[in-house]
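# An overview of the molecular structure
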Amino acid sequence: MTALTSHLRKYAAAPVCHDIQINGQLVGLHDSGVLWWPEESILIVADLHLEKGSSYARRGVFLPPYDTGATLEKLAGVIDAFDPACVICLGDSFHDANGSDRLPAAYRAMLTTLQLGREWIWVTGNHDPVAPVRLCGVTVKEITIGPLTFRHEPIEKVGATATAGEVCGHLHPAARVRRFGRSIRRACFVTDGTRLVLPAFGALTGGLNVTDEAYSLIFRRRHFSVFMLGNDRLFPFTASRLVGD
Amino acid sequence: MDVQLLPNKFSSWFASRGWAPRPHQLQLIDHLSQGHSTLLIAPTGAGKTLAGFLPSLVELEARGKRKPGAAGNGIHTLYISPLKALAVDIARNLETPVDEMGLAVRLETRTGDTPSHKRQRQKLNPPDILLTTPEQIALLLSDPASARLFASLKTVILDELHALVTSKRGDLLALGLARLRRLAPNLRTIGLSATVAEPDDLRAYLVEQPDPEHRALSHMVQVAGGAQPDISILDSEERVPWSGHSSRYAIADIYRLIKAHNVSLLFVNTRSQAEMVFQELWRINEDTLPIALHHGSLDVGQRRKVEAAMASGVLKAVVATSSLDMGLDWGDIDLVINIGAPKGASRLAQRIGRANHRMDEPSRAVLIPSNRFEVLECQAALAASKRGDQDTPPLRKGALDVLAQHLLGLACADPLDALATFDEIRSSETYRHLDWETFERVLDFAATGGYALKSYDQYAKLRKGKDGLWRISHPKIAQQYRLNVGTIVEAPMLKVRLVRSRAAGRRAPVGRGGRVLGEMEEYFLEQMSPGDTFLFGGEVVRFEGIRENEAYVSRTTSDNPMIPSYMGGKFPLSTYLAEGVRTMLATPESWKELPGQVRDWLEIQQEKSVLPAKDGLLVETFPRANKHYMVCYPFEGRLAHQTLGMLLTKRLERLGARPLGFVANDYALSVWALGDLSQLFSSGRIPLDGLFEEDILGDDLDAWLAESSLLKRTFRSCAVIAGLIERRHPGLEKSGRQVTVSSDLIYDVLRAHEPDHILLQATWNDAAEGLLDISRLGELLARIRGRITHTGLPHVSPLAVPILLEIGKEPVYGEAMDTLLADAAEELLMEAME
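Throughout what follows, the structure given in this document is the object of discussion. Note that the structure is a prediction, hence the values are computed from the model and not measured.

Rules behind the numbers
Residues numbered from 1 in each chain as written. Chains lettered and ligands numbered in written order. Predicted model: local features only at pLDDT ≥ 70, side-chain atom pairs only at ≥ 80, totals over all residues. Heavy atoms only, no water. Helix = DSSP H or I, 4+ residues; strand = E, 2+ residues; numbered from the N terminus. Rg over C-alpha atoms; globule rule 2.2 N^0.38 Å. Buried < 20%, exposed > 50% of the residue type's maximum accessible area, 1.4 Å probe, protein only. Lys, Arg positive; Asp, Glu negative; His and termini not counted. Charge placed at Lys NZ, Arg CZ, Asp CG, Glu CD. Polar contact = N/O pair within 3.5 Å; in protein donor to acceptor, adjacent residues only side chain to side chain. Contact = heavy atoms within 4.5 Å. Axes fitted to C-alpha atoms, helices over the stretch in contact; angles between N-to-C directions. Parallel < 35°, antiparallel > 145°, perpendicular 65-115°, else oblique. Left-handed = near helix turned anticlockwise from the far one by under 90°. Nonpolar A, V, L, I, M, F, W, Y, C, P; charged D, E, K, R; others polar. Expected span 1.5 Å × (residues − 1). Bend = angle between axes of the 7 residues up to and from the residue. Pairing = 2+ DSSP bridges.

So, about the overall build of chain A. Tallying secondary structure elements over chain A gives 5 helices and 16 strands in all. On C-alpha atoms alone, chain A measures out to a radius of gyration of 17 Å, which is about the 18 Å that the 2.2 N^0.38 rule sets for 245 residues. Relative to its full complement of 245 residues, chain A shows a buried share of 58%. Measuring between centres, the 25 positive side-chain charges of chain A sit 7 Å from its 24 negative side-chain charges.

The next point concerns the side chain of Ser428(B). Residue and element names in this part refer to chain B. Within the element layout of this structure, serine 428 appears in the loop between helix 17 (418–426) and helix 18 (436–448). Within the structure, the side chain of serine 428 is placed 2.9 Å from the backbone oxygen of isoleucine 425, a separation counted as a polar contact. Excluding its chain neighbours within four sequence positions, the residues that come into contact with serine 428 are Ala174, Ala178 and Gln209.

Time to look at the packing of helix 16 (residues 400–413) of chain B against helix 19 (residues 475–484) of chain B. When two helices pack together, their arrangement is captured by the angle between the axes and the distance separating the axes. Residues and elements named next belong to chain B. The N-to-C vectors of helix 16 and helix 19 enclose an angle of 135 degrees; their axes lie 10 Å apart at closest approach. Taken together, the axis directions place helix 16 and helix 19 in an arrangement best described as oblique. The chirality of how helix 16 crosses helix 19 is left-handed. Contact with helix 16, carried on its side by Gln405, Leu408, Gly409 and Cys412, involves Ile477, Ala478, Tyr481 and Arg482 of helix 19 and no other residues of that element. When grouped by side-chain class, the residues that make up the contact of helix 16 with helix 19 number 5 nonpolar, 2 polar and 1 charged.

Glancing now at helix 3 (residues 48–63) of chain B. Residues and elements named next belong to chain B. Look at helix 3: 24 Å from first C-alpha to last across 16 residues, which is about the 22 Å you get at 1.5 Å a residue. At leucine 54, helix 3 is bent by approximately 35 degrees, the largest bend along its length, and proline proline 55 sits one to four residues beyond. Where helix 3 ends, the next residue or the one after it, glycine 64, has phi of about 85 degrees, a positive value.

Residues and elements named next belong to chain B. Running from amino to carboxyl end, helix 16 crosses helix 18 at an angle of 60 degrees, the nearest separation of the two axes being 9 Å. The orientation of helix 16 relative to helix 18 falls into the category oblique. Helix 16 and helix 18 meet at a crossing whose hand is right-handed. Here helix 16 contributes Leu400, Leu403, Ala404 and Leu407 to the contact with helix 18, which in turn contributes Thr438, Phe439, Val442, Leu443, Phe445 and Ala446. Partitioned by chemical class, the residues of the contact of helix 16 with helix 18 number 9 nonpolar, 1 polar and no charged.

Right, let's talk about the sheet that holds strand 1 (residues 18–22) of chain A for a bit. All names here are of chain A. The sheet built from 7 strands is open, its strands ordered 1-2-3-4-5-6-7 with mixed pairing. Each edge of the open sheet carries a strand with a single partner, namely strand 1 and strand 7 (138–140). Each neighbouring strand pair of the sheet contributes to a mean axis angle of 25 degrees, computed without reference to strand direction. Across the face of the sheet, helix 3 (residues 67–82) comes into contact with strand 3 (35–37), strand 4 (42–45), strand 5 (86–89) and strand 6 (119–123) while running at roughly 160 degrees to strand 4.

Right, here's the structure in full:
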């Protein structure tokens, strides 16, 4: 990529995001569930869980086989909109270690096309601990760029300096809000300003409520905010407004 | 009738008891001996059960004692009942005559509670008579040993048939019967049933249907009803409430009735009503009368205790839901109290049959309406009862998810021939309409999930061999199947477990200990926050949280539950009763039979507004507190009204009326909006005929269904029954977080990518008839076409008061989820700005 292209990319119009600061760095949260880092033109997406359908099918549970296609289409949409210089897939990109091998040819081609003209980084996850086969991209366990560190699983320490600037996935955060006797549950970003957990991007992925014990190992109890995904905007709430499942 | 049909042993036994064999009992023996399947329709107390078994007992006595290892040592008679408890109870009762006559008959039960070693032994060394449930039949048929086990089957007795055929369990049983007929071609069936509207439906259910054009029927024996029941409607001194389902106003009256009788059975429509009535009675139970509670969500142990206490005559009254509707005859009930409208004439008749099972004496029943509209409904039910009319629903069309489960089960037992199996399935009345294409799609679903995208062929559960037969691809598939079969989902239930309270500020995770109090619907528990209190098992409990598949609650000293359990009826009123109510409303002359307060109410309605016509639809509009209300009175039941409400709201939005929400109950529907509805309707800006146009059931319905949580729940149920989502999967179950895929996610993906998938079709079929009552709604719209009356009023009419009072008690719909979220978010902003 030439210096001109990268310069132009930096100033091209990107979709409207909800801007926040993580460890002092300005990033944008998008209602599709992706994270956008305008200064570096990096798009970050977590927990694609591609080939989850076929993974379950091997075990006799025939989930609809459209998950990979749906996820890739959605991914294509955001990549199109943001045209990032680099894409980071923040782990569990495939539902199991053989997922990339099972990827049908058409989807492999689609994914490869998305990778053209940009850098692609696969961060390994607990579901896919090895590099994907027959696909471009660099595989890392974690990567630090400037003030931000990208890894799949968050470090289980609250308020430590080691976790400042951490951006991760793995937990599939979801939040529930109650109103007029009804409750609404959505996938969400969750952050305390120093570290951030992304929602799961994949089509057949569920969510773990942020009031669950698991999050108390990451954030100080009730000291975080969530941004719930809506149809074309995000809805911010503080932890105290949320209810459990 | 030739009493010689009865061998001497039997007639002596009858004589020793002081009984004479009844005509219908002898007729049954006669029919069966000639090889005819027969339906026996009899009210309770007519000795139905003994009648069902006599033919088998007579045959077995004639056969004599079996020599071990002799041919034909399989099961002779199957008795199938919808309730486990019933099967166990009947077995116990049957042992008496068998022992006393010294018959060479071995009888055993087989239910979900039967230990596995006993079940194993039953397969190897089967009894003569096996008393069991539909699920067990499905399990047995999935075993390769089934051919041997059932080869010498002679008779299948289906008890409480009227109750079985109304649900998916009836579908599963119909398929099982079709298979049993293949395994034992000379099989005869006996159906035991209460009175129904269409006996021919049940007669057709009982026999093979070889001819697609013509309906084959079993023989029938009908026992004339006993004495006319003595039913009255409570005419209370207290004010009958305008709305709601609480009947709290009548508690003192109810208590007086209980005191004045020997043993009373109090029927309510929902579990939460049972809890409430039970609690209220105990509040005023100064004489400490033994009053018990019985409903399906209570722990099994507790239910058995109540049943035993009933049987031994220790109780004065039992408050129960339909869990007690059928089955066991306990002697001395002399009063049935039906709290709330009975919802159906047949349902009422069956409940009344519970009282005083001596046929020749009239049963006594009192109806307690819980609001003014229910008074009308009770009146209609009373009239129906006097005429002896029935309103049982017509026979269902077989469900596709049940078929999928069944096909997999058959393949587990034996290689499956698709064509032969198709014929076999169509030979059952419930599935006679099945076409080949649908059958293939269901088979495809069972094999690989039935997707247009053929990515799963390599993982197929069923494979077609070179001989054209389908076989399971791996033995573990049979294992999976058996773990999940027959657990026909009603609503996903969570166990409710008692734990120590978190309230005292304990940080420790909620303990695992504590006993299970019972079960409750998941969607109800999902709504709650820790600290909320609600009624369960007769006491007020505090919700602590949900962990895996259990809800934890703790004891409280609180008297008043915070969360009003959904008090609405589970069943909408039947079309039959709805018509009765509409007729009553439209005929002022008939009002003299109504209680004074209800009569006054209707008279004022006549004065201030108009009465709804019998056919046609009344629409009233009026302004109130900066909003404009529309109230209409379709009387088609809550479910149909909820669907209609959703659709009307969408339409009104498109027409610029700015609707905000709606509420519905069994009788009426109210929509409120910012636009002036009176003005819009009377000026013709919004033509009412257009608003209620039948095409509302097309695109609008489709769009709404995408968001409907009701439909998602139905889908989930279908997915579990069909075997898409496993309930228990060996190896995948983990302690700690449950490894399950949310059916909602699957639903969304399917709707987006394969909207005509067989499971969505199954879901739609369920919804159309059941949950959303689409067909009933369609009939309504056709009926009112051109007959809509609009009247604009200056304020709320008397008839509209009940439905308006429901706002705040019943769930309110119509606001988009996103709007709610935005609202909630903005509230925070406002707070922050102040």
